[in-house]
Amino acid sequence: MIATANRLKSVQEYYFATKLREVRNLMNAGKPIINAGIGSPDLLPPDHVIPALTAALQDPKAHAYQSYLGLPELREGMASFYKSHYNVDLDSETEIIPLMGSKEGILHISLAFLNKGDQVLIPDPGYPTYASATKLCEAQPVTYNLTAANNWMPDFEALEQLDLSKVKLMWTNYPNMPTGAAGSRAVFEKLVSFARKHNILVVNDNPYSCVGYEKKMSIHQVEGSLECALELNSISKTFNMAGWRVGMLTGNADVLKEVLKVKTNMDSGMFYGIQKGAIAALKTDENWLAEQDKIYQNRRELTLKVAETLDLKPEPQTGGLFVWCKLPQGKEDDKKFVDEVLHNQDIFITPGSIFGMNGEGYVRFSLCVKEEEIAIMLDRVSKKDRT
Ligand SMILES: Cc1ncc(COP(=O)(O)O)c(C=O)c1O
């Protein structure tokens with residue numbers, strides 16, 4: 001086989017790609033596995049979305065290449081979404097780029113700004129893609145700690161102690177995954193002033209803010225954010241459309257132009273029908289979101305019972321798609337715990353250590369599981385000696 005590029009040696013296959021193969025093999029062998037590992041919404045998008053997609057298919061324009069920047073109507077929909085949910089004004093012409101999911105934006109931003117040897121501040125625990133994209137650009141991830149003791153917020157005093165001379169980017173993710181921590185206006189203000197002071201581009205990854213949180217927050221609510229911060233957002237979790245691959249990047253027009261140089265060389269626009277469906281989704285009213293929140297709240301309450309029956313200590317968070325829990329006293333190996341639950345109770349959950357060192361000793365339950373199945377999980381964990 002031809003030798004792979006050196007940069008590939010710095011990354012491994014994504015954890016779920018490997019683990020879900022094992023889970024599928026168990027299922028194929030007849031095991032009744034319940035997958036509470038991955039945050040892939042199982043509910044339907046709002047009612048008006050699918051008709052918008054299917055109607056678009058008959059349009060002769062639907063099958064041609066599309067604009068790199070998406071339909072003006074899509075960008076206007078994204079701007080209206082920011083206005084109505086966050087009270088943030090964005091220029092739909094220059095301050096928004098539609099993406100094929102926010103995940104691709106993480107690599108595009110990294111490719112646009114990182115040279116070999118540059119450093120990037122990455123939250124630990126955090127979404128693994130921030131570090132992988134950094135490494136694929138031959139830059140160096142420098143993790144910063146998020147801990148329960150600090151409510152999973154960055155410790156700005158510790159950050160100030162670092163040598164920041166090579167740091168170009170900083171990834172933040174509020175509301176946070178995997179911990180569920182909501183973030184706050186005060187944290188966004190500190191991030192913006194930290195970024196300005198040290199000339200760092202902060203990117204807040206914000207796909208969960210419309211799922212279950214009392215206040216919908218964006219870093220762009222802070223004055224001056226457009227000078228130093230970008231924000232990724234997504235319809236994947238908000239409107240149960242993860243497979244559609246629609247996200248957005250928002251921020252300073254000049255910065256976005258640089259990201260667009262990468263993106264225009266990598267793809268040729270988002271499928272028209274998907275854009276039409278996304279435009280419809282973005283117009284969805286608050287009541288629909290409130291109904292989703294109720295479903296997740298019921299699931300959360302039941303999942304908390306499952307966690308407590310396993311002697312886990314759930315973090316007191318209310319939003320997002322997950323329940324983040326500390327292992328019982330005396331147990332530290334989260335991967336071993338996950339394997340025990342997988343093989344003894346036929347339940348797949350995620351080990352916290354895949355999100356970084358500070359995730360060690362934690363596990364994450366997804367709420368993308370029907371109530372009936374969570375009830376089965378509860379039944380299984382209640383019979384602890386089940387084999
Ligand atoms: C923190 C975080 N960022 C980004 C993503 C990717 O979302 P998208 O579907 O928009 O690519 C996920 C998905 O699980 C996530 O948890």
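Residues numbered from 1 in each chain as written. Predicted model: local features only at pLDDT ≥ 70, side-chain atom pairs only at ≥ 80, totals over all residues. Heavy atoms only, no water.

*Asks:* Describe the sheet that holds strand 5 (residues 167-172), and please don't skip the residues or the numbers.
*Replies:* With mixed pairing, the 7 strands of this open sheet are ordered in space as 2-8-7-6-5-3-4. Looking at strand neighbours, the two that pair on one side only are strand 2 (96-99) and strand 4 (140-145), the edges of this open sheet. Strand-to-strand twist across the sheet, computed as the mean angle between neighbouring axes with direction ignored, equals 20 degrees. Strands in contact with helix 3 (residues 72-86) are strand 2, strand 7 (229-234) and strand 8 (247-250); relative to strand 2, the strand with the most contacts, it is inclined by about 110 degrees. Strand contacts of helix 5 (residues 129-136): strand 3 (119-124), strand 4, strand 5 and strand 6 (201-205), with the helix running at about 160 degrees to strand 3, the strand carrying the most contacts. (Pairing = 2+ DSSP bridges. Helix = DSSP H or I, 4+ residues; strand = E, 2+ residues; numbered from the N terminus. Axes fitted to C-alpha atoms, helices over the stretch in contact; angles between N-to-C directions. Contact = heavy atoms within 4.5 Å.)

*Asks:* Provide a residue-level description of the UniProt feature "domain: Aminotransferase class I/classII large" (unreviewed entry) in the protein, including the pertinent values.
*Replies:* Annotation from UniProt places "domain: Aminotransferase class I/classII large" (unreviewed entry) at residues 32-380. With 39% helix and 16% strand, residues 32-380 has its two end C-alpha atoms placed 11 Å apart. (UniProt positions renumbered as here; feature names shortened; annotations may be inferred.)

*Asks:* Lay out the packing of aromatic side chains with the relevant residues and their values.
*Replies:* According to the stated counting rule, one finds 13 aromatic pairs in the structure shown. Pairing phenylalanine 81 with tyrosine 86 gives two aromatic rings, centres 5.9 Å apart and planes at 85 degrees, and the pair type is edge-to-face. In this pair, the class of phenylalanine 81 matches that of tyrosine 86, namely buried. Taken together, a centroid distance of 5.9 Å and an interplanar angle of 40 degrees make the contact between phenylalanine 239 and tryptophan 288 tilted. One end of the pair, phenylalanine 239, is in the loop between strand 7 and strand 8; the other, tryptophan 288, is in helix 11 (residues 286-309), and 49 residues separate them in sequence. Just as phenylalanine 239 is buried, tryptophan 288 falls in that class too. Grouping aromatic residues by their ring pairs yields a cluster made of Phe81, Tyr82, Tyr86, Phe239 and Trp288. One residue, arginine 364, lies across the ring of phenylalanine 322, its end atom 3.7 Å from the ring centre. (Phe/Tyr/Trp six-rings, centres within 6.5 Å; stacked < 30°, edge-to-face > 60°. Buried < 20%, exposed > 50% of the residue type's maximum accessible area, 1.4 Å probe, protein only. Lys NZ or Arg CZ within 6 Å of the ring centre and 35° of its normal.)

*Asks:* Account for the site of the ligand, with residues named and values stated.
*Replies:* Around the ligand sit 14 residues, and of these Ser102, Asp205, Tyr208, Ser234 and Ser236 come closest. Take serine 102: an N or O atom from its side chain is 2.7 Å from an oxygen atom of the ligand. Notes on the ligand: free accessible area 400 Å², of which the protein chains cover 90%. The class makeup of the residues in the shell around the ligand is 5 nonpolar, 5 polar and 4 charged. (Near = heavy atom within 4 Å. Polar contact = N/O pair within 3.5 Å; in protein donor to acceptor, adjacent residues only side chain to side chain. Areas by Shrake-Rupley, 256 points an atom, 1.4 Å probe, with all protein chains shown as cover. Nonpolar A, V, L, I, M, F, W, Y, C, P; charged D, E, K, R; others polar.)

*Asks:* Could you give an account of the domain arrangement of the protein, with specific residues and numbers?
*Replies:* Considered domain by domain, the protein is made up of domain 1 (6-43 + 287-386) and domain 2 (49-282). On a C-alpha basis, the centres of domain 1 and domain 2 stand 25 Å from each other. Contact with domain 1, which involves 29 residues of that partner, is made by 35 residues of domain 2. With both chains or domains summed, domain 1 and domain 2 bury close to 2,600 Å², and 59% of this area falls on carbon and sulfur atoms. It is Leu289, Phe355 and Asn358 that lose the most area in domain 1 upon contact with domain 2, and together they represent 23% of the buried surface on that side. Connecting domain 1 to domain 2 are 0 salt bridges. Among the elements of the structure, helix 11, strand 10 (322-326) and strand 13 (362-366) are those that each provide at least two residues to the side of domain 1 that touches domain 2. (Domains from an automatic or database assignment. Buried area = accessible area lost by both parts, 1.4 Å probe. Salt bridge = Lys/Arg side-chain N within 4 Å of Asp/Glu carboxyl O.)

*Asks:* Now, about the pairing of strand 10: what can you tell me, with residues and values included?
*Replies:* Where a strand is regular, its side chains alternate between the two sheet faces. Along strand 10, 4 of the 5 residues are buried, which leaves the element largely enclosed by surrounding structure. Across 5 bridges, strand 10 lies against strand 13 in antiparallel orientation. Bridge assignment links lysine 326 to a residue of strand 13, and that residue is tyrosine 362.

*Asks:* Which residues make up the pattern of salt bridges, and what values do they have?
*Replies:* Throughout the structure, instances matching the rule amount to 22 salt bridges. Across the salt bridge formed by lysine 83 and aspartate 89, the nearest N and O atoms sit 3.3 Å from each other.

*Asks:* Describe helix 11, and please don't skip the residues or the numbers.
*Replies:* With 24 residues, helix 11 extends 35 Å between its outermost C-alpha atoms, agreeing within 8% with the 34 Å of an ideal straight helix rising 1.5 Å per residue. Within helix 11 the residues assigned to the buried category are Trp288, Leu289, Gln292, Tyr296, Arg299, Arg300, Leu302, Thr303, Val306 and Ala307. Residues of helix 11 that are buried in the fold lie against helix 3, strand 9 (313-314), strand 10, strand 13 and helix 13 (371-382). Immediately beyond the C-terminal end of helix 11, within one or two residues, lies aspartate 311, with a positive phi of roughly 65 degrees. (Expected span 1.5 Å × (residues − 1).)

*Asks:* So what's going on with the side chain of glutamine 275? Residues and values would help.
*Replies:* By the element assignment, glutamine 275 lies in helix 10 (residues 272-282). Polar contacts involving the side chain of glutamine 275 include one to the main-chain amide nitrogen of leucine 71, which spans 2.7 Å. Residues in contact with glutamine 275, not counting those within four places in the same chain, are Gln66, Gly70, Leu71, Leu74 and Met270.

*Asks:* Mind laying out helix 12 (residues 334-345), listing which residues take part and the relevant values?
*Replies:* Under the 1.5 Å per step criterion, the end-to-end length of helix 12 is 16 Å for 12 residues, consistent within 8% with the ideal 16 Å. Listing the buried residues of helix 12 in full gives Asp334, Phe337, Val338, Val341, Leu342 and Gln345. The buried side chains of helix 12 occupy one side of the element, clustering within an arc of 135 degrees when seen end-on. Considering only its buried residues, helix 12 is in contact with helix 1 (15-28), strand 11 (347-348), strand 12 (350-351), strand 13 and helix 13. Between the side-chain oxygen of the N-cap and the backbone nitrogen of lysine 335 there are 3.2 Å, and the N-cap of helix 12 in question is aspartate 333. Two residues or fewer after helix 12 comes aspartate 346, characterised by a positive phi angle close to 60 degrees. (Arc of directions from axis to C-beta.)

*Asks:* Give me the sheet that holds strand 12: which residues, what numbers.
*Replies:* Spatial strand order, 9-10-13-12: 4 strands in an open sheet with antiparallel pairing. Looking at the sheet topology across the chains shown, the edges are occupied by strand 9 and strand 12. Sheet topology note: the strand 9/strand 10 ladder contains 2 bridges and is antiparallel. Pairing of lysine 313 across the sheet is with lysine 326, part of strand 10.

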